[in-house]
Structure formats: structure tokens, C-alpha cells
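As a plain string of letters, each chain reads:
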Amino acid sequence: ILFFVITAQAAIAQSPSAKAYTSRGNALHAQGELSGAIADYDTAIAFDPDYAPAYYNRGNVRKEAGDFDGALADYTRAIELDPQLVEAYNNRGNTHKALRRYDDAMSDYSRAITLNPRFALAYNNRGAVWLVQGATDRAMADFDAAIRLKPKYAAAYANRAMAWWVKGDEARAQSAQLDQRRGAWLRRLVNGQRADVVDGHLVHDAVEVAIDVVTGRLDRVHPELLVRRIAGEEPDRLQPAAPVARL
């Protein structure tokens, strides 16, 4: 990460630009320096008020810092500047979900899927909202779609297992979680060996909750209490040195 900070600083010294400041902001964000990252995104926007990645990335930092209104404003501005930016729809949906604005979240996830039918993260996140709303079959359909698109998608397996459990099929939930080909990392977690990253995705609390459910270590609770533990999956920061990733 330090390498990327130094590289971005060199780019700024050589030729200050919105892209250069956004790159350094991304590197600072990765180091956990949220205020420094926001300052760089602010500068990037001052250089180019129409530079969508700066708004998108600043929205990510603001959301992480708990400034949901600021994050929503940034994602919305990024979408206005780049209506094809599926990542912004996804992350705005996650922000709405954190605020329990489930209809707005559903709309954003669905729009992201319309723009990119292979965007696995949006299927997973929409499935979580379906589950909150009690539409278990629709939730499982979205989790299935996410897994078809990304066969090693850890969070989608955990979420689908929770959906099976909510539906009352605990045997199916346990089978889904402990699948021999795709669930070795879950077995390591059950045995107390934490696996923090699977296929580039952080293993969130949702995984641990799902394991507790299917192994009998967690009492049955209202589905929303489980789903609220699911951290919305988000794409990586948009790196301005390359075209925006269309996942």
C-alpha cells in the first residue's frame, strides 16, 4: 500500500490532476486514513467537478465513516455523471440498506443487474434485502445467481445457507455450508481457524452467524436480526489509472 501512496505522490508532483489525487486517495483509504482520503477526493473534484470516480470513492469513505447522507449524495452524483457505473448503484443500495430503506436498496441493486447481468455482488446484496422482506425463495434465487456467476463467492454461500435455515430446511442449510468442493474454508472456520479472505472477498460476520446457525450454536431469531449482520458486498475502489471495471 505504501508503494501506491508513493507512486501517487510522484504522479501528483509531476502532473497534478483529478486522476492523480483520486489514486492517492484510494491508497490512503486502503491504509485506513479516511480524512486524508477525503481531502484528496475533494481536491480531485476541485480539479475536475465532472470526474465520477472521485465522487464514487469519496462516497465509499463517507459510508465507512458513517456519513450515510454524504455517501448517498456522492453515489448519486457519480451516477449522474456516469449512468453506467454499476458499482455506484450497488454501493448506494448498500447505503440504503444500512438505513433500512429497503425499497430504495432493491431499486439500486436491480438497476445494477439490468446494466450488468453478470454483476454477482448485486445479486447477493439484493438477495439479502429479499430475505429481510421475507421473500425467501426470491432471496435464494438471487444467491443462486451470484454463486453461478462466482463459484467461489463466500458470502453468497453463507447467505444462501441462512435463507435455507430461515425457510426451515436446516439440513439443506448445513449441506450448503459444508459442501466439500466449495466449503473447505467454512470447515476451517468451524474448527476455529479464521479464513479472512476467500476469492478476494472478506469473510464478514454473516459467515460466522451462518456457521453458528447450522452448527446449532445460535438460537433461532428473527430473520432480520441475522440479515442485518450481513455487510453489503462492495467492489474495490475505482482506480483511475485503468478503465472502470465492469464486474
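What counts, and where the lines are drawn
Residue indices begin from 1 for each chain and proceed along its sequence in written order. Predicted model: local features are reported for residues with pLDDT of at least 70 only, side-chain atom pairs are reported and counted for 80 or more only, and whole-chain, interface and lining totals are derived from all residues. Values shown for side chains rest on all heavy atoms present in the structure; no hydrogens or waters enter the calculation. Note on conventions: DSSP H or I runs of at least 4 residues are helices, E runs of at least 2 residues are strands, and numbering of each starts at the N terminus. A helix's residues, less one, multiplied by 1.5 Å, set its expected span. Here, two residues are considered to be in contact whenever any of their heavy atoms come within 4.5 Å of each other. Exposed residues in this analysis have more than 50% of their type's maximum accessible area, buried residues have under 20%, and partly exposed residues fall in between, with area computed by a 1.4 Å probe over protein chains only. What counts as a ring pair is set by centres within 6.5 Å for rings of Phe, Tyr and Trp (its six-membered ring), and what kind of pair is set by the plane angle: stacked under 30 degrees, edge-to-face over 60, tilted for all other angles. Throughout this description, the term nonpolar core refers to a set of buried Ala, Val, Leu, Ile, Met, Phe, Trp, Tyr and Cys residues connected via side-chain atoms within 4.5 Å.

How should helix H3 (residues 34-47) be read in this particular structure?
Given 3.6 residues per helical turn, the α-helix brings residues three or four places apart onto the same face. With 14 residues, H3 extends 20 Å from end C-alpha to end C-alpha; this agrees with the ideal 20 Å at 1.5 Å per step. For H3, the elements touching its buried residues are helix H2 (18-30) and helix H4 (52-64).

What exactly am I supposed to notice about the environment of Ala 52 here?
Along the polypeptide, Ala 52 turns up in helix H4. Exposure remark for Ala 52: the relative accessible area of 8% places this residue in the buried category. Between the C-alpha atom of Ala 52 and that of Leu 85, which follows or precedes it by 33 residues, the distance is 8.8 Å. When residues no more than four places from it in sequence are discounted, the contact partners of Ala 52 are Ala 78, Leu 81 and Asp 82.

Looking at this model, I keep getting lost on helix H6 (residues 86-98). Mind explaining?
Counted at 1.5 Å a residue, the expected span for H6 with its 13 residues is 18 Å, and the 19 Å between its end C-alpha atoms agrees. Most of H6 sits inside the fold, with 12 of its 13 residues counted as buried. For H6, the complete set of buried residues consists of Val 86, Glu 87, Ala 88, Tyr 89, Asn 90, Asn 91, Arg 92, Gly 93, Asn 94, Thr 95, His 96 and Lys 97. The first or second residue beyond H6 is Arg 100, which carries a positive phi of 65 degrees.

Would you mind going over the packing of aromatic side chains with me for this structure?
Ring pairs (aromatic) are described by centroid distance and by the angle formed between their planes. For the coordinates displayed, the defined rule picks out two aromatic pairs. Centroid distance Tyr 56 to Tyr 75: 6.0 Å. Interplanar angle 50 degrees. Geometry classified as tilted. Separated by 19 residues along the polypeptide, Tyr 56 in helix H4 and Tyr 75 in helix H5 (residues 68-81) bring together distant segments of the chain. Residue Tyr 75 is classed as buried on the basis of its relative accessible area, which comes to 0%.

Can you help me understand the nonpolar core in this one?
Generally speaking, a soluble globular protein has its nonpolar side chains buried in company with each other. Tyr 56, Ala 78, Ala 88, Ala 112, Phe 119, Ala 146 and Tyr 153 are the most contacted members of the largest nonpolar core, which has 30 residues in total. Non-local contacts of Ala 88, meaning those with residues more than four positions away in its chain, are made with Tyr 56, Tyr 75, Ala 78 and Ile 79. Ranked by size, the runner-up nonpolar core spans 13 residues in total, among them Ala 105, Leu 131, Ala 163 and Trp 164.

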